[in-house]
Amino acid sequence: MSPPHLGVGVEGGRDVTLPLAAAGEAMVGNSLELKEHNYMGLSDCSSSVGSSAISSASDETRSRLNLKATELRLGLPGSQSPERDSKISKLSSSNLDEKLLFPLHPFRDANNCSLQKNIVSGSKRGFSDAMNGFSESKFLANPDVDVMLSPRPSSNLGLKSCSVKESPVAQPVKMKDLAFPCAALERTRAIKEASSKHVPPANAPAAKAQVVGWPPIRSFRKNSLATTSKNNDEVDGKAGPGALFIKVSMDGAPYLRKVDLKAYAAYQELSSALETMFTCFTIGQYTSHGTTGREKLSENKLKDLLTGSEYVLTYEDKDGDWMLVGDVPWEMFIDTCKRMRIMKSSEAIGLAPRAAEKRRTRN
Amino acid sequence: MSAVKFRAFSPEVTFPEEALEQVISFIDSHGDRNSVSLVCKAWYEADRWCRRRLFIGNCYAVSPQIVTRRFRDIRSLTIKGKPHFADYNLVPQGWGAHALPWIAAMAEAYPALEELRLKRMVVTDEALELIGKRFVNFRVLVLCCCDGFSTDGLASIAAHCRNLRVLDIFESEVADLRGNWISHFPDSYTSLESLNISCLESELTFAALERLVDRCPKLTTLRVNRSVPLEKLAILLDKAPQMTDLGTGMFMTEPRPELYTMLAGAFSRCKELKSLSGLWDVAPFYLPAIFPVCSGLTSLNLSYAPIHSPDLIKLLGNCKNLQRLWVLDYIEDRGLEVLASSCKDLQELRVFPSEPYDPDPNIALTEQGLVSVAVGCPKLQSVLYFCRRMSNQALVTIARARPTLTRFRLCIIQPHCPDHITQGPLDDGFGAIVEHCKDLKRLSLSGLITDQVFQHIGAHGKKLEMLSLAFAGNSDAGLHFVLSGCKNLKKLEIRDCPFGDRALLLNAAKLETMRSLWMSSCRVSYGACQLLGRKMPRLNVEVIHENSSPGHTSEECTVEHLYIYRTVAGPRLDAPEFVCTMNENSTTVHQPQ
């Protein structure tokens, strides 16, 4: 074979648009009937299916091909010959006659089983398994859609689509089914951040398994989305069945704390817990204000601080409004509270005196 | 240069080299420079001597030695490594694209190198250290989607590159060793102009960052990472009102009126702000603080911001001059309608999925949103759109309304998703896109696709340079249409399509005119790869095994991943065990490297 000509000859050698355009309809039509049979990892169903399709078509195609067309050649520029054009127009129809075109491959009749055995796909799930899982879920979700590939050995490939359309003149819709086995859902590595997001339908457990790299989103974006949703969940308090953690911030404190609202039964318990948590932040201020000048640390100090005019306990409810803690019954408070803030009384204008009074009466 | 009487076409007078070099130096475009170098030997030599900027689209198409032998003095180098599908975990780890050999060679040959831009390459700390120590006048480092380095590497860049202007590690995977690498910028260092570290995960030493911003008066691009809280952002903005490109950190904290005021004030003082991004975790309370800058924004990246439609609409309504918008599908159809009516200068739209793995999230984003934008925005050129349903009707409308599209990437999340109205394939819709959009350079298909669409693409996609296919087509005819029809095709990437040997072998010569072809989970046999490798010495035919062992593969086996690219450097010497390059010696048994 002569060495390939690079670059320049490309245009000249590629002029196959004419025959293609003309034969386009025929080609597509042909390809609908004469389907590829050697899918990767396709289960037994395909072999019998394939054979029925092949045997009906192969005679036809064999008669159309001449010996020259069966010669294996690389499509090199300058080596294009007229018969090549006609060969190309028969490309799809002669798809399945690999045995004629490829001296590389051993003679393969319509039986695909031998091909299957050679396919190196040991650790992957069989096509039909993956397909069944995937297709079932889709089918159940969308009953209008044609039935996906299902392992019914009796049916012809071209008729694998919904049972209604039995005509041999396949329509474009069926292309989808035929394409399915090649749609390699065989690789189903679960993507760790995202697979736990939603509950799959009970009767299609494989729906949860994801195809590698699909949808095409970069890892950075996947990780960011996962973190964002985690943050949002926390904010909404959906941390788990047994606990209801919400953030508590305090003005002037360098970091926030989290409390589990379910751990308390009443406001009193909550405020005690908060006092204990935030004692360390207030002691300095307390002594600097020099109200009493006492060195001893005690909860009483903080309590006085809280019930005094220094701080007010507020929370953000589901509507995003900041409310004073203590107005509503405890159960309702737990339901609506999203986060809390220990606010300086000076900011809680108009609230502080009432708050102080309320606390004194409550205590 | 002495004055020389020059008479055109006179054989005894030659155009002085220096003059030729001067003239050629004005030609910037890489393609044009390449063409210039092919005119004749004299021009080739002139280009050799005066070329300063070099673009290498595939690091294995050429070797560092070939480059350094040819060009005398390169100041700016751009190299791309792994194939695009590596972004989606389709290329196994350890495949290659190592930057160190390149940087080492450059350090020897081009010590005056100033700019290095790497994309999808493995960059080690050692490589970064080499950059810092060997290139005295180093100014620009861009690592886009790279990996293999840590913050220690960044520290050495900071410490040694006295003239650094740009440090951009866009979406790279960095081992965050929690050192305060930013503190390694010396106090005397003041030339920073652009810093993009938004992909770093752990906390920055804020004080060091603040001091850096303080002493670099030319800093106009600053994209911080998620760890920077809102209060700190306000401080940074205050110090740098000359900012043109800002990437915020966390845009959320509990509502504090005084912080809001501070933030709004800082933003309103940024009169030059053109681009805004970041906005991780947004609290709607603070969003209006951005409003003062909205009318000046040309680029807005909200694709990490969980802001819902009503707030988005309020925001976008202010952005009259927006040219580029990246957003999550929370925008929904109605948000896109508002976008179409407010932002008449829009050129690029990207809509990303907020819940990509949820088959049916409660988000009202359909094909209608894209149609509104295509119809309403006369300057729209580039689209990336994730959605869950599409129709031929919508695609045809888009194609007819917007023939100026140059990039059209549609990702319908469910593979094989049909036209939701006709339940048929989307061939006609995509066909209309290629037919009407005559300047289309990049196209990604999804949904239910048959061979027919490839016929359209082959017939009309004459300017198409990059095509991405997934779960598409029926037979080799599809691949053949594309390879034989698309004259300008440079990159073709295919996954999970029923394309086999025939089309590939028929169009083998085409492969030498393209940069690369990637096929994974298709139906190409090992034997065909061997044949290609034997017959086409200027192609590297890489068979990449992922799950199976590379040994004992027979000719009939289909290959998992196939990466074919043209090269003048021969089979690469750094290929790992799971990569077999088919060449004239290739046999059925894998020879260990």
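Structure shown above.
1. Description of the overall build of chain B
Turning to step 1, where the next piece is worked out: For chain B, the helix and strand inventory stands at 21 helices and 25 strands.
Turning to step 2, where the next piece is worked out: Buried residues in chain B amount to 63% of all 593 residues.
Turning to step 3, where the next piece is worked out: The long-range share in chain B, meaning contacts at least 24 apart out of those at least 6 apart in sequence, stands at 70%.
Turning to step 4, where the next piece is worked out: Split by element, the accessible area of chain B, about 21,700 Å² in all, is 52% carbon and sulfur.

2. Remarks on the overall build of chain A
Turning to step 1, where the next piece is worked out: What chain A contains, in helices and strands, is 14 helices and five strands.
Turning to step 2, where the next piece is worked out: Counting every position in chain A, which comprises 363 residues, the buried fraction comes to 48%.
Turning to step 3, where the next piece is worked out: Put simply, of all contacts in chain A between residues at least 6 apart along the chain, 63% involve residues at least 24 apart.
Turning to step 4, where the next piece is worked out: Surface accessibility of chain A: about 17,400 Å² in total, with carbon and sulfur atoms responsible for 56%.

3. Looking at the pattern of salt bridges
Turning to step 1, where the next piece is worked out: Applying the stated criterion to the full structure yields 37 salt bridges over all chains.
Turning to step 2, where the next piece is worked out: Between B:Glu465 and B:Lys490 there is a salt bridge, with the nearest N and O atoms lying 3.5 Å from each other. Here the residue B:Glu465 occupies a position in the loop between helix H17 (451–460) and strand S20 (466–470), and B:Lys490 occupies one in the loop between helix H18 (476–485) and strand S21 (491–495), the gap between them amounting to 25 residues.
Turning to step 3, where the next piece is worked out: Among the charged side chains, a salt-bridge network with shared partners connects A:Arg218, B:Asp87, B:Arg120 and B:Glu171.

4. Here we look at unusual backbone geometry
Turning to step 1, where the next piece is worked out: Note the cis peptide between A:Trp214 and A:Pro215, where omega equals -5°.
Turning to step 2, where the next piece is worked out: Mapped onto the elements, A:Pro215 comes out in the loop between helix H9 (172–179) and helix H10 (219–236).
Turning to step 3, where the next piece is worked out: Of note, B:Asp496 is a non-glycine position whose phi angle comes to about 55°, a positive value.
Turning to step 4, where the next piece is worked out: Among the structural elements, B:Asp496 can be located in the loop between S21 and helix H19 (501–506).
Turning to step 5, where the next piece is worked out: In this structure B:Asp496 comes out as buried when scored by relative accessible area, which is 2%.

5. Remarks on the sheet that holds strand S5 (residues 339–344) of chain A
Residue and element names in this part refer to chain A.
Turning to step 1, where the next piece is worked out: Across the sheet, five strands lie side by side as S2-S1-S5-S3-S4; this open sheet has mixed pairing. The open sheet is flanked by strand S2 (257–260) and strand S4 (322–324), the only strands paired with a single partner. Strand-to-strand twist of the sheet, defined as the mean angle between neighbouring strand axes without regard to direction, takes the value 35°.
Turning to step 2, where the next piece is worked out: The pairing of strand S3 (residues 311–316) with S4 spans three bridges and is antiparallel. Paired with Tyr315 across the bridge in S4 is Met323.

6. A short note on the packing of H17(B) against H18(B)
All names here are of chain B.
Turning to step 1, where the next piece is worked out: Across the interface, H17 lies against H18 with an axial gap of 8 Å and an inter-helix angle of 5°. Considering their axes alone, H17 and H18 lie roughly parallel with respect to each other. For the pair formed by H17 and H18, the contact residues are Asp451, Phe454, Gln455 and Gly458 on the first element and Ala477, Gly478, Phe481, Val482 and Gly485 on the second.
Turning to step 2, where the next piece is worked out: For the contact of H17 with H18, the class distribution of residues is four nonpolar, four polar and one charged.

7. Let's talk about empty space enclosed by the protein
Residues and elements named next belong to chain B.
Turning to step 1, where the next piece is worked out: Applying the stated criterion across every chain yields a total of 17 cavities of 30 Å³ or more.
Turning to step 2, where the next piece is worked out: Here the largest cavity defines a volume of roughly 130 Å³.
Turning to step 3, where the next piece is worked out: Along its surface, the largest cavity is lined by 13 residues, and Phe170, Ser198, Arg223, Asn301 and Tyr304 are the ones closest to its centre.

8. Focus: the packing of helix H16 (residues 427–436) of chain B against H17(B)
All names here are of chain B.
Turning to step 1, where the next piece is worked out: Direction vectors running N to C along H16 and H17 enclose 5°, while the axes themselves pass 9 Å from each other. One element, H16, and the other, H17, form an angle in the roughly parallel class. Residues Asp427, Asp428, Phe430, Gly431, Val434 and Glu435 of H16 touch H17, and the partners they reach there are Gln452, Val453, His456, Ile457 and His460.
Turning to step 2, where the next piece is worked out: When grouped by side-chain class, the residues that make up the contact of H16 with H17 number four nonpolar, four polar and three charged.

9. Comments concerning helix H8 (residues 206–215) of chain B
Turning to step 1, where the next piece is worked out: Regarding H8(B), the residues found buried are B:Phe206, B:Ala208, B:Leu209, B:Leu212, B:Val213 and B:Arg215.
Turning to step 2, where the next piece is worked out: Buried-residue contacts for H8(B) involve strand S8 (194–196), strand S9 (221–223) and helix H9 (230–239) of chain B.

10. Quick look at the packing of aromatic side chains
Each pair of aromatic rings is reported with the distance of its centres and the angle of its planes.
Turning to step 1, where the next piece is worked out: Summed over all chains, the structure comprises 23 aromatic pairs over all chains.
Turning to step 2, where the next piece is worked out: Note on A:Phe220 and B:Tyr304: the rings are 5.7 Å apart at their centroids and 75° apart in plane angle, and the pair reads as edge-to-face. Taken together, the residues span two chains, with A:Phe220 in helix H10 and B:Tyr304 in the loop between strand S14 (299–302) and helix H12 (309–316). Pair check on accessibility: A:Phe220 and B:Tyr304 agree, each one buried.
Turning to step 3, where the next piece is worked out: A centroid spacing of 5.3 Å and a plane angle of 40° characterise the contact between A:Trp330 and A:Phe333, whose relative ring orientation is tilted. With A:Trp330 and A:Phe333 both in helix H13 (residues 330–336), this residue pair falls three residues apart, about one helical turn. As far as burial versus exposure is concerned, A:Trp330 and A:Phe333 are alike and both buried.
Turning to step 4, where the next piece is worked out: Taken together, the aromatic side chains of B:Tyr60, B:Trp95, B:Trp518, B:Tyr563 and B:Tyr565 make up a single cluster linked through ring pairs.
Turning to step 5, where the next piece is worked out: Over the ring of B:Trp95 we find B:Arg572; its NZ or CZ atom is 4.4 Å from the centre of that ring.

11. Structural notes on the nonpolar core
Turning to step 1, where the next piece is worked out: Among the nonpolar cores identified, the biggest contains 212 residues, and B:Leu325, B:Phe408, B:Phe454 and B:Leu492 are the most heavily contacted of them.
Turning to step 2, where the next piece is worked out: Discounting chain neighbours no more than four positions away, the residues touching B:Phe408 are B:Leu370, B:Val383, B:Leu395, B:Ile398, B:Phe430, B:Ile433, B:Leu440, B:Arg442, B:Leu443 and B:Ser444.
Turning to step 3, where the next piece is worked out: Ranked by size, the runner-up nonpolar core spans 24 residues in total, among them A:Leu244, A:Ala273, A:Phe278 and A:Cys337.

Calculation rules
Residues numbered from 1 in each chain as written. Chains lettered and ligands numbered in written order. Predicted model: local features only at pLDDT ≥ 70, side-chain atom pairs only at ≥ 80, totals over all residues. Heavy atoms only, no water. Helix = DSSP H or I, 4+ residues; strand = E, 2+ residues; numbered from the N terminus. Buried < 20%, exposed > 50% of the residue type's maximum accessible area, 1.4 Å probe, protein only. Contact = heavy atoms within 4.5 Å. Areas by Shrake-Rupley, 256 points an atom, 1.4 Å probe, with all protein chains shown as cover. Salt bridge = Lys/Arg side-chain N within 4 Å of Asp/Glu carboxyl O. Pairing = 2+ DSSP bridges. Axes fitted to C-alpha atoms, helices over the stretch in contact; angles between N-to-C directions. Parallel < 35°, antiparallel > 145°, perpendicular 65-115°, else oblique. Nonpolar A, V, L, I, M, F, W, Y, C, P; charged D, E, K, R; others polar. 1 Å grid on protein atoms, 1.4 Å probe; cavity = no way out; pocket = protein on both sides within 12 Å on 5 of 7 lines; lining within 4 Å. Points joined across faces, edges and corners; volume = space filled by probe spheres on them. Phe/Tyr/Trp six-rings, centres within 6.5 Å; stacked < 30°, edge-to-face > 60°. Lys NZ or Arg CZ within 6 Å of the ring centre and 35° of its normal. Core = buried A, V, L, I, M, F, W, Y, C linked by side-chain atoms within 4.5 Å.

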